Amino acid sequence: MTPSSRRDLLPGTLDMLILKTLIAQPMHGYGIAQHLQRLSEDVIKVEEGSLYPALQRMRQKGWIKAEWRQTPNNQRARYYTVTRSGRKHLGQQESGFLELLAAIGRIMRPA
Amino acid sequence: MREWLIRLRDWLRRDELDRELTEELRFHREQLERDALGDGAPAEEAPYQARRRLGNLPLIQEQARERWSWPWLDHFQQDVRYALRGLRRSPGFSATVIITLGLGIGANAAMFGVIDRLMFRPFPFLRDPSAVRRVYLTWHDRERSRSTSAFEYTRYLDLVKLTSSFSQFAGFTTRSMAVGLGDASRERPVGVVNASFFDFFDLRPALGRFFVAAEDVTPKGANVAVLEYGFWQREFGGRNVLGETLHVRNIPCVIIGVAPRGFVGVSEDEPPAVYIPITTAAGNEPNERMATNYYKTYNWGWMSVMLRRKPGVSEATASQDLSQAHVKSWDAEVALSGGGTPSKIARPAAIAGPLKTAAGPDAGLESKTLLWVTGVAVIVMLIACANVTNLMLARVLRRRREIAVRLALGVSRTRLLAQCLTESLLLATLGCVAGVAIAQWGGAALRHLFVRNISALDVVTDGRTLLVAAGFALVAGVLTGLGPAFLAGSGDLAGALKAGAREGGYHRSRMRSALLVLQGALSVILLVGAGLFVKSLDHVRSMRMGFDAEPVLLATANMRGMRTTDAEQEALGQRLLEVGQAIPGVEYAAWVSAIPFWSSSATGLYVEGIDSVRKLGRFTYQTTTPDFFKTMDTRVVRGRSFTALDRKGTPRVGVVSEAMAKVLWPGKDALGQCMRVGNDTMPCTTVIGIAENAVERSFSDEKRFMYYLPSAQYEPASGFALMLRMRGDPLLHQETVRKALQAVMPGQSYVGVQPMNDIIDTQRRSWKVGATMFVAFGVLALLVAAVGLYGVITYNVAQRMHELGVRIALGAQAADVVRLVVGQGVRFALVGVTLGLGLALIAAKWIQPLLFEQSARDPVTYGMVAVLLLTVALVASLVPAMRATRADPNAALRGE
């Protein structure tokens, strides 16, 4: 897949994707980027330029927590964990997003 | 909200966050590098690939950093740092400003603490305090308006019955009674209150319960007591005391509860240690007549009444309702006693007034003086602000060039203004801290002076006072910052830049001159006030009171409800007198029935040829033993005083005061005249001596009609207090005298001994307070003003050094230079003095009632203050003037 086939994210979805990723297991920034890229089969390429500010913003909103831990390779990395209010936020986002997706689908189909 | 807190915390640890982000990104890059190697990139290519994938690193960091940076907060921090640097660089300036503001803020915080406690602060636990009022009764006596908040239980019952505007009533008073038994017994304040009293508060007893209506009934309530929390802790160690017996005066009370911590009732002095039902206290009065009649007759005014307005009832309506009830109650009293002034003439009325008496219509001279002193504290604050503004203006003027450079470099004027204000607010904040410290320290002195019994005058822990201090600091910060800020922001940029360092230029500032004059004027007002109060106090102190109480001890015997026969009483009295006279150090001793400023008695007096002696004024009597006049050092100006030979059975004799002799027998010799005491059928009491007039209830404002009778010839034979004249300091003998007298007392009765001067000093307190506070604040103001003047003149001299140098080069003598500089200082002072004296003359009208035999427009005081201020101005400007004479003509000329 070439870079040109990568898609830009809808606004607001990055937070949701990060939260969804972190729900599975705490992860560092690199891990999150890799995970999103792999799962979306390279359609979504998260720019580090937007990932790290997003992580800071979410931390300040209290959705995620950050702490330093050792990686399996014994390197120091900053792991992010979802908090309770993060889970709540994700729940709201998810349902809203699915509704939106369905609505867009209905509009797009007849064409 | 939470987010903002987190952001604020992030801002505080932004350096740490920066470091963490850098490390996090490095980790990310290393992983990418490893990926690149894994994908088969050559080892030297991998770092570049990784970096490319990561993108613009500084941009990422910048964007992430925005999450924890606040530009205005950064600016503010910069300003604070800048201000702090500036303050550190000129410690003399900073210290002067901080101390000056500290004195102003401290004076106000301390005064507010006192005034607030005396007048405004609601009592703890009181529910809806604004609706709770105290009853003040008013009436007219010989066309003079009278008012009181202490009246009879019968009157209280009338008010409850005859009004409809109130939802709650309670009678209350605090009385000093012996609490405890034997050696452990002490005279303590006892809250004598209705059961309904506790319903005014939101209260939950710390232990047990409060008494209920069924325990508070006429004629005699139940023997129950509720303890004050502190008393319970101190005396009972906080153990379960319910059901135990506590002796209160002659009443063995069962303890049924303990009030919660911090509850003081409505006490303005030391809080009661114990509360007992009001009907229990009254019903157990040792005096049988009082105990049985207190709720039926109108003879014993001893208690106050508080009430709660019903919702929607205005203050005016409440007072009207009380007034009509008082009229009916007055008529009932007249009907009952079959005499007295009818209500048409006495015009009884009532006021639902403030619960705190210091804020009520009966407020004493002391609280009025206190309000004035608070005003004075505000003036001190104004002077301090004027002074600080002046110093700051001088600083801005000195930094004119620096400011011009910064403006030229593009600093916005708003930022400059913000910087100036930050600086002044920072100084004010530091001043506030200093002020609170000063108030805390000064508070101890104030407590000593005004509210000796209020245990807590702690400024540091008192929210209300701290808030007021902070408020004053904020106002001071803005006031002192605004002027300099505008001066800094305005002005001619190019001119300042061109002028160069030397030509900083001599700027006359109208604002600075005005501030200086204002300071001088305000100081003059305070000093005039100080002078007037000091003179008043002096007059009071040096006034011949008709006795000399300095070396006199006062002993009162408390029989603690023991019922003794008259004969026993008389014997005990005789015994005490003999023992008292035998104590080493005692010169003379005498029993008295009345104590100046404390108690006085009057009875019917009948003199041939005068229709109604009562119409001439109030004639009070003193029954006493032969050594009275020597004990009190009251001079008998004519005739003789009575002796031990004037006993029961011998012809009745008496001594009258000069004023009384003059009014009863005008133009005649009072000696040998006949007066009948108590009743017009009594035998003649022959006047055998005339004594000098003596103070009885107040220093001024009374006619001093007094007469003295030998107690041996009058019933009841027992005295009220024993006066002992000591050789030397009475305080040294106080305990010896108490022990010696106590040894004679039977059973549980006991003796209290205090210096007579204590009672008299209390009376002089308002003048003492006025004198002390005005002098303290006046000197403070003068000092601040002097420093201000010195600062301004010094600054001016420094600015004019070049000009002065030229003058000297052109032949000016040292004397000319001194005259020039000093002249400027004295001119300021002259304008200030004139303005201040003018204002003082205007204010004289209001301060006059607070003074004692002292005109508020006393020319001597005014003159002395003027001279003092001018002298201070002279000295303050002489120092810089001397420096001015050392201006170097060579430097000046070279500079041209």
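Residues numbered from 1 in each chain as written. Chains lettered and ligands numbered in written order. Predicted model: local features only at pLDDT ≥ 70, side-chain atom pairs only at ≥ 80, totals over all residues.

**Q** What am I meant to see in the overall build of chain A here?
**A** Within chain A one finds four helices and three strands. Mapped from its N terminus to its C terminus, chain A presents α and β elements in the order α-β-α-α-β-β-α. The buried share of chain A, reckoned over its 111 residues, is 26%. In chain A, the proportion of contacts linking residues at least 24 apart, taken out of those at least 6 apart, comes to 48%. (Helix = DSSP H or I, 4+ residues; strand = E, 2+ residues; numbered from the N terminus. Buried ≥ 20, exposed ≤ 12 C-beta atoms within 10 Å, placed from the backbone. Contact = placed C-beta atoms within 7 Å.)

**Q** Would you mind going over the overall build of chain B with me for this structure?
**A** Of regular secondary structure, chain B possesses 26 helices and 23 strands. Based on the C-alpha atoms only, the size of chain B along its principal axes is roughly 130 × 90 × 60 Å. Counting over 896 residues, chain B shows a buried share of 41%.

**Q** Honestly, the pairing of strand S3 (residues 76-82) of chain A in this entry has me stumped. Any pointers?
**A** In summary, the side chains of a regular strand alternate between the two faces of the sheet. Residue and element names in this part refer to chain A. Alignment of strand S1 (residues 27-28) against S3, held across two bridges, turns out to be antiparallel. Pairing of methionine 27 across the sheet is with tyrosine 80, part of S3. Here strand S2 (residues 64-70) folds back onto S3 in antiparallel fashion, the turn holding five residues, of which asparagine 74 has a positive phi close to 65°. (Pairing = 2+ DSSP bridges.)

**Q** Teacher, can you tell me more about the environment of threonine 369 of chain B here?
**A** All names here are of chain B. The topology assignment puts threonine 369 in helix H13 (residues 365-398). Between the alpha carbons of threonine 369 and proline 730 there is a distance of 31 Å; along the sequence they are 361 residues apart. Other than its neighbours up to four places away in sequence, threonine 369 contacts Ser766, Val769, Gly770 and Leu850.

**Q** Any chance you could explain the pairing of strand S22 (residues 721-726) of chain B here in plain terms?
**A** Residue and element names in this part refer to chain B. Taking burial as the measure, the six residues of S22 include five buried ones, the bulk of the element. Both strand S12 (residues 552-558) and S22 contribute to a ladder of five bridges, which runs antiparallel. Looking at S22, one finds that leucine 554 is bridged to methionine 723.

**Q** It is not clear to me how the interface of chain B and chain A should be interpreted in this structure. Could you clarify?
**A** Think of interface size as the accessible area that goes away when the parts come together; that is how it is often given. Across the boundary between the two partners, chain B contributes 19 residues, which contact 16 residues of chain A. Among the elements of the structure, helix H1 (2-12), helix H2 (14-38) and helix H4 (57-65) of chain B are those that each provide at least two residues to the side of chain B that touches chain A. Tallied by class, the residues present in the side of chain B that touches chain A amount to seven nonpolar, five polar and seven charged. (Nonpolar A, V, L, I, M, F, W, Y, C, P; charged D, E, K, R; others polar.)

**Q** Would you mind showing me how to read the sheet that holds S1 of chain A here?
**A** Sheets are built from strands that pair by backbone hydrogen bonding, the pairs being arranged parallel or antiparallel. Judged by pairing direction, the sheet is antiparallel, and its three strands sit side by side in the order S1-S3-S2 (chain A) without closing on themselves. Among the strands making up the open sheet, the edge pair consists of S1 and S2 of chain A.

**Q** Hey, could you run me through the nonpolar core in this one?
**A** The nonpolar side chains of soluble globular proteins are, as a tendency, buried together. All names here are of chain B. Counting residues in each nonpolar core, the largest one holds 110 residues, and the members touching the most others are Val376, Val380, Leu526, Phe777 and Ala781. Aside from chain neighbours lying at most four places away, what touches valine 380 is Leu103, Gly104, Ala107, Phe777, Leu780 and Ala781. Counting 65 residues, the second-largest nonpolar core is a separate cluster that includes Tyr136, Val224, Met306 and Ala318. (Core = buried A, V, L, I, M, F, W, Y, C linked by C-beta atoms within 7 Å.)

**Q** What am I meant to see in unusual backbone geometry here?
**A** Residue and element names in this part refer to chain B. Here the amide bond leading from threonine 218 into proline 219 is cis, since omega sits at 0°, within 30 degrees of zero. In this fold, proline 219 is placed in the loop between strand S5 (207-208) and strand S6 (224-227). Positioned with a positive phi, aspartate 128 is a non-glycine residue whose angle comes to about 45°. Mapping aspartate 128 onto the fold places it in the loop between helix H6 (91-120) and strand S1 (132-141). Positive phi, close to 45°, is recorded for arginine 347, a residue that is not glycine.

**Q** Whenever I open this one, the confidence of the model for chain B confuses me. Can you help?
**A** Detailed reading of the predicted coordinates is not advisable wherever pLDDT is low. This prediction gives chain B a mean pLDDT of 85; 94% of its residues lie at or above 70. In this model, residues 501-505 of chain B is a region of pLDDT below 50 whose contacts with residues beyond four sequence positions or in other chains number nine contacts. (pLDDT = per-residue confidence, 0-100.)

**Q** Please explain the packing of helix H23 (residues 756-809) of chain B against helix H25 (residues 859-885) of chain B as it appears in this structure.
**A** Helix packing geometry: the angle between the two helix axes and the distance between the axes. All names here are of chain B. Two elements in contact, H23 and H25, have axes separated by 9 Å at closest approach and are oriented at 25°. By the angle class used here, H23 and H25 are roughly parallel. Read as a crossing pair, H23 and H25 show a hand that is right-handed. Only Val872, Ala873, Ala876, Ser877, Val879, Pro880, Arg883 and Ala884 of H25 make contact with H23, whose side of the interface consists of Leu782, Ala786, Leu789, Tyr790, Ile793, Thr794, Val797 and Leu804. (Axes fitted to C-alpha atoms, helices over the stretch in contact; angles between N-to-C directions. Parallel < 35°, antiparallel > 145°, perpendicular 65-115°, else oblique. Left-handed = near helix turned anticlockwise from the far one by under 90°.)

**Q** Any chance you could explain H25 of chain B here in plain terms?
**A** Residues spaced three or four apart along an α-helix face the same direction, because each turn holds 3.6 residues. All names here are of chain B. In this model, H25 (27 residues) spans 38 Å end to end at C-alpha, consistent with the 39 Å of a helix rising 1.5 Å per residue. At leucine 878, H25 shows its maximal kink, close to 30°; a proline, proline 880, follows between one and four residues later. On the buried face of H25, the contacting elements are helix H18 (510-542), H23 and helix H24 (814-847). (Expected span 1.5 Å × (residues − 1). Bend = angle between axes of the 7 residues up to and from the residue.)

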